[in-house]
Amino acid sequence: MNAARWLADTRTSYDTVAVSYADQLREALAGAPYLRAVLALFADLVHAAGGGPVADVGCGPGHVTAHLHNLGVDAFGVDLSPVMIDVARHDHPHLRFEMGSMTDLDLADASVVGLLAFWSLIHVPDEAVPTVFGHFRRVLRPGGPLLLGFHVGDGSRLKTQGYGGHPMNVHVHRRQPDQVAAWLRDAGFLIEAHMLIAPDDSVPGAVLFARRQP
């Protein structure tokens, strides 16, 4: 899949749905106790690592970034969509948000103590995942925690409409935790834990904790 094409399609799609997407997700964590527990654990790991800046990569409208901030984490958001960044800055003016791509992450080496990508890897094709994980390792401090959330399953589907009925043109990739863990190990991460979220749903979720090895 052409990298410039899928990145452009993802950016345009989320520019189109940004406001509706934010409206749907603004209170989403209030009804997701297991995800709140996962984020609280991640915050504890960041604090135990000494604290410092944490990158929420693919932050969307910034609701997870803000939740981490409320847990005492120095979190900032990065997203491919400029309209999403505008919405995040409007909703959370006290926090830092910037445009960027996880395929070419514009952060200095070892500049963040923690990093999470919460359901933001789902549009990245398989062949680009090793590049993304290489950037994650590069920008994390040695020993820094990584948290991933993603759809569980096999294969991909084309999403042509979503979030208020607006048109989209993105592939949604579902993956098995073992495959994601293998990519992370190849990139220099140590896997610490993973769990399924709503395993009886038609499309379960997974969260995976890893740590950058020295």
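Remember, predicted model here, so these are calculated numbers, not experimental data.

Overview of the pattern of salt bridges
Line of reasoning, step 1. A complete count under the given rule lists 7 salt bridges for this structure.
Line of reasoning, step 2. A salt bridge links Glu 98 to Arg 96, with the nearest nitrogen and oxygen atoms 3.1 Å apart.
Line of reasoning, step 3. According to the relative accessible area criterion, Arg 96 is partly exposed, its value standing at 43%.
Line of reasoning, step 4. We note a salt bridge from Arg 211 to Glu 192, for which the minimum N-O separation is 2.8 Å. Of this pair, Arg 211 sits in strand β9 (residues 205–212) while Glu 192 sits in strand β8 (residues 189–197), placing them 19 residues apart in sequence.
Line of reasoning, step 5. Classification of Glu 192 as partly exposed rests on a relative accessible area of 40%.
Line of reasoning, step 6. Where salt bridges share partners, they join Asp 23, Arg 26 and Asp 91 into one cluster.

A few points about the UniProt feature "domain: Methyltransferase" (unreviewed entry) in the protein
Line of reasoning, step 1. UniProt's feature table lists "domain: Methyltransferase" (unreviewed entry) at residues 54–144, given in the numbering used throughout.
Line of reasoning, step 2. The span residues 54–144 shows a helical share of 32% and a strand share of 20%, and its end C-alpha atoms are spaced 10 Å apart.

Rules of the game
For every chain, the first residue of its written sequence is number 1, and the numbers climb from 1 along that sequence. Local features are withheld for residues below a pLDDT of 70 in this predicted model, meaning they are given only at 70 or higher, and side-chain atom pairs are given and counted only at 80 or more; totals for whole chains, interfaces and linings count all residues. Hydrogens and waters are ignored; side-chain quantities use all the structure's heavy atoms. What makes a salt bridge here is a side-chain nitrogen of Lys or Arg within 4 Å of a carboxyl oxygen of Asp or Glu, nothing more. Relative accessibility decides the category of a residue: with a 1.4 Å probe and only protein chains considered, values under 20% of the type maximum give buried, values over 50% give exposed, and everything between is partly exposed. Numbering of helices and strands runs from the N terminus; a helix is a DSSP stretch of H or I covering at least four residues, while a strand is a stretch of E covering at least two. UniProt positions are given in the numbering used here, feature names are shortened, and annotations may be inferred rather than shown by experiment.

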